[in-house]
Amino acid sequence: MKITLISVYPDVWSFGLRTVSSIFKKEGNNVDLIFLPKDFCEPYHEKTIQDLIKLADKSDLVGISLMSNFWDNAIQLTEAIKKNYKIPVMWGGTHATVRPKECLQHADIVCVGESEEALMEFSRKFNNNENIYDIKGMGFNKNGEIIVNGLRELPGSKKAEIKTLDDIPFQDFDYEKHYILDENRIKKMNIDLFRKHWDHVYMTQPTRGCPFACTFCVNNTLLAMHPHQKPIRKRSVDNIILELKQIKEKIPFIKKILFDDDAFFLMTIDEIEDFSKKYKEQIALPLRITGATPSTLHKTKLSLLADAGLKEMRMGIQTAGSETKKLYKRPHTNDQVEKAVRMVYDQKNVEGKYDIILDSPWDTEDDSIETLMFLSKLPAPYMLTLFSLVLFPGTDLYNKAKKEGIIKDDINDIYRKHYHGVRKTYLNSLFMLIKDYVAVNSNLISPMLMSFLTNKKLKFINRPFALFLRLIFPLVKINHLRNKLGFLKTLKRLIANPRLSKIFPENLNIFKSIFSEKKTYDIVTPATED
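Computed from a predicted model, the values in this text were never measured in an experiment. (Residues numbered from 1 in each chain as written. Predicted model: local features only at pLDDT ≥ 70, side-chain atom pairs only at ≥ 80, totals over all residues. Heavy atoms only, no water.)

Chemist: Before we move on, could you go through the layout of surface pockets and cite the residues and values that matter?
Modeler: Computed from the structure, the second largest pocket encloses a volume of approximately 1200 Å³. The wall of the second largest pocket is formed by 38 residues, among which Met 383, Ala 439, Val 440, Lys 477 and His 480 lie closest to the centre. Where the lining of the second largest pocket is concerned, the elements lending two or more residues are α13 (334-346), β16 (351-358), β17 (383-388), α17 (426-439), α19 (459-485) and α20 (487-496). In terms of residue class, the lining of the second largest pocket is built from 21 nonpolar, 7 polar and 10 charged. (1 Å grid on protein atoms, 1.4 Å probe; cavity = no way out; pocket = protein on both sides within 12 Å on 5 of 7 lines; lining within 4 Å. Points joined across faces, edges and corners; volume = space filled by probe spheres on them. Helix = DSSP H or I, 4+ residues; strand = E, 2+ residues; numbered from the N terminus. Nonpolar A, V, L, I, M, F, W, Y, C, P; charged D, E, K, R; others polar.)

Dropping the structure here:
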């Protein structure tokens, strides 16, 4: 079977789709993997669509992975394929999982949940011309009849065909068979295009599942779908290390490793000690981990990982407001969160990155101020990422908003809303302000100053002062860079910044060539396990 898989996400990580590609290849299929990175707010160019149609020719199946925000992109590509071919189009990803019947109004097939086992069965039955419409974990549009079969056991659980996550093949990074969107044209991937569109960070997932059911998160839905199964499943340390060793051999210019899961710190101290020793000896690359919570972060675990090469650690704070915590079902107290942040701060070589959610329709000003006051007392430096709450389908907050009439049109109110599109309010501007200052190791916005900036009775004084702090921030940042990097490297950073390039005359471009270093690599591609 010839299969064309398409990623519509804005990067080329695509852990899920790369794993699906490896599953299909292991079953003996021929797979083309196409990356079409673009912001979901923008439709694809007609040239892109024409290139895709040519590449999909003679495919037996086209697969598209999507989250809710990429709804329009997936429909645009699906309609183009169906207009030109009678090829079945399969959708997968989180949106197909929570809204299978909606997706089957456009796609012929959907994958529901973690689909490795379902796709293995589908591949075997499709290639043998057997009935596919009874496969659990999948849904079908059979001549207008919508069929959504029951869920499968989670991979790595006792009753599953895949007994352990170690049995799932590693991601497909055989880039010679991949394609990439570049300047509105889909081009055959080569090493130069790969390096151009890849951030040199290899992302993988040592665990699956999340122990929490935050009301804004898709895990809220997934836990409800599998109430009697253990949600957390872990790969073995040796399996994780083997994957990283193989990818280092295949792609020698990797600069960082990212563990982008929700439960890495649920590994035992013994497991993390074993991992840290082997990672330091055999991988020795800077490591980023996102799977941390205030209740799972442990000083011993953090110290072991820091010694092994941990450089960045991301954790969701989301809110410090007491009422919003209850709404989100965040189980950690502010004291627990602060303790965890200070634990990361004490590891001098580990950068803390924390998430905050804004724009909840149920937020009060008091809750927002409570969060701002909390952030102002945390030790800098740290990094903040600000999200505008999106009420994703299937979550408890979506159901609450739908019931209260807050959501009137799913497509416009949810699918087309950008999760970084924070509303322009005064309090949100203070979140932006503290985000910038703490990133440059400045605790200038202290609790005392934040108390002044959020005082409702002093708005005719504090708002102009907040604007003053915004205006002087570029000077604060330049001074920070000069102290950290020195004068020449700071000058290089300024000249290379695309937002500042317009203020430099063209003849200063010579500095870019002086400062830049080009490296070449010999790429040895070993035989794949397929």
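Chemist: Help me get a handle on a nonpolar patch on the surface, residues and values and all.
Modeler: Taken together, Leu 458, Phe 460 and Ile 461 make up a surface patch of nonpolar side chains, about 330 Å² in accessible area. Note on placement: Leu 458 falls in the loop between α18 (447-453) and α19. On the accessibility criterion, Leu 458 (30% relative accessible area) is partly exposed. (Patch = residues over 30% accessible without salt bridge, like charges linked within 9 Å, V, L, I, M, F, W, Y side chains within 5 Å. Areas by Shrake-Rupley, 256 points an atom, 1.4 Å probe, with all protein chains shown as cover. Salt bridge = Lys/Arg side-chain N within 4 Å of Asp/Glu carboxyl O. Buried < 20%, exposed > 50% of the residue type's maximum accessible area, 1.4 Å probe, protein only.)

Chemist: Can you tell me about the sheet that holds strand β8 (residues 178-182), naming the residues and giving the values?
Modeler: Taking strand neighbours across the sheet as the criterion, the 9 strands line up as β7-β6-β5-β4-β3-β1-β2-β8-β9 in an open arrangement whose pairing is mixed. Both edges of this open sheet fall to β7 (145-148) and β9 (185-188), since each of them pairs with a single strand only. Neighbour-to-neighbour, the strand axes of the sheet open up by a mean angle of 20°, direction not taken into account. Bridge count between strand β1 (residues 2-7) and strand β3 (residues 61-65): 5 bridges; the pairing is parallel. What sits directly across from Ser 7, in β3, is Ser 65. (Pairing = 2+ DSSP bridges. Axes fitted to C-alpha atoms, helices over the stretch in contact; angles between N-to-C directions.)

Chemist: Can you lay out the nonpolar core for me, pointing to particular residues and giving the numbers?
Modeler: In terms of nonpolar packing, the biggest core is built from 103 residues, with Phe 122, Met 138, Ile 257, Phe 275, Tyr 279, Met 313 and Leu 375 touching the most fellow members. Sort the elements by how many residues they give to this core and α17 lands first, with 8 residues. One finds Ile 49, Leu 66, Val 112 and Leu 181 within the second-largest nonpolar core, a separate group that totals 50 residues. (Core = buried A, V, L, I, M, F, W, Y, C linked by side-chain atoms within 4.5 Å.)

Chemist: Let's hear about the pairing of β8: which residues, and what values?
Modeler: Counting buried positions over the 5 residues of β8 gives 5, a clear majority of the element. Where burial is concerned, the two faces of β8 agree: the one with His 178, Ile 180 and Asp 182 and the one with Tyr 179 and Leu 181 are both buried. When strand β2 (residues 30-35) meets β8, the two strands line up parallel, connected through 3 bridges. In the sheet register, Ile 34 faces β8, and the bridge partner there is Tyr 179. Sheet analysis places β8 next to β9, joined by 4 bridges and oriented antiparallel. Bridge pairing in β9 places Ile 180 opposite Lys 187. Here β8 folds back onto β9, and the loop between the two strands holds 2 residues, one of which, Glu 183, carries a positive phi near 55°.

Chemist: Break down the environment of Phe 487 for me, with residues and values.
Modeler: One can find Phe 487 in helix α20. Residue classification places Phe 487 among the exposed positions, given a relative accessible area of 60%. Sequence separation of Phe 487 and Lys 277 is 210 residues, and the distance between their C-alpha atoms is 38 Å.

Chemist: Give me the lowdown on the pattern of salt bridges, citing residues and values where you can.
Modeler: Counting across every chain of the model gives 41 salt bridges. Salt-bridge contacts for Arg 233 lead to Glu 114; the nearest nitrogen and oxygen are separated by 2.8 Å. Residue Arg 233 is located in strand β12 (residues 233-234), and its partner Glu 114 is located in the loop between β5 (109-111) and α6 (116-127); the two are separated by 119 residues in the primary sequence. The buried category is assigned to Arg 233, whose relative accessible area is 6%. On the basis of relative accessibility, which here comes to 27%, the residue Glu 114 falls in the partly exposed class. Where salt bridges share partners, they join Glu 117, Glu 121, Lys 125, Asp 134 and Arg 152 into one cluster.

Chemist: I'd like to hear about the sheet that holds strand β14 (residues 287-292), residue by residue, with values.
Modeler: Strands sit in the order β10-β13-β14-β15-β16-β17 across an open sheet of 6 strands; the sheet is parallel. Strand pairing shows two members of the sheet lacking a second neighbour, β10 (201-204) and β17, which therefore form its edges. Sheet twist, expressed as the average angle between the axes of neighbouring strands with direction ignored, equals 20°. Judged from the 3 bridges that link them, strand β13 (residues 256-259) and β14 form a sheet pairing that is parallel. If you follow Phe 259 over to β14, its bridge partner there is Ile 289.

Chemist: Let's hear about empty space enclosed by the protein: which residues, and what values?
Modeler: Enumeration over the complete set of coordinates arrives at 3 cavities of 30 Å³ or more. Here the largest cavity defines a volume of roughly 120 Å³. Forming the boundary of the largest cavity are 13 residues, of which Phe 15, Ile 168, Pro 169, Arg 208 and Arg 235 lie nearest the centre. Sorting the residues of the lining of the largest cavity by element identifies α1 (15-26) and α9 (237-250) as the ones contributing at least two each.

Chemist: With reference to specific residues and values, describe the packing of aromatic side chains.
Modeler: For the coordinates displayed, the defined rule picks out 24 aromatic pairs. Seen in terms of ring centroids, Phe 465 and Phe 468 are 5.8 Å apart; in terms of plane orientation they differ by 35°. Their pairing is tilted. With Phe 465 and Phe 468 both in helix α19 and 3 residues apart, this pair spans about one turn of that helix. Judged by its relative accessible area of 31%, Phe 465 is partly exposed. Judged by its relative accessible area of 41%, Phe 468 falls in the partly exposed class. Among the aromatic residues, those joined into a cluster by ring pairs are Phe 173, Tyr 175, Phe 194, Trp 198, Tyr 202 and Phe 253. Taking the ring centre of Tyr 133 as reference, the NZ or CZ of Lys 142 above it sits at 4.7 Å. (Phe/Tyr/Trp six-rings, centres within 6.5 Å; stacked < 30°, edge-to-face > 60°. Lys NZ or Arg CZ within 6 Å of the ring centre and 35° of its normal.)

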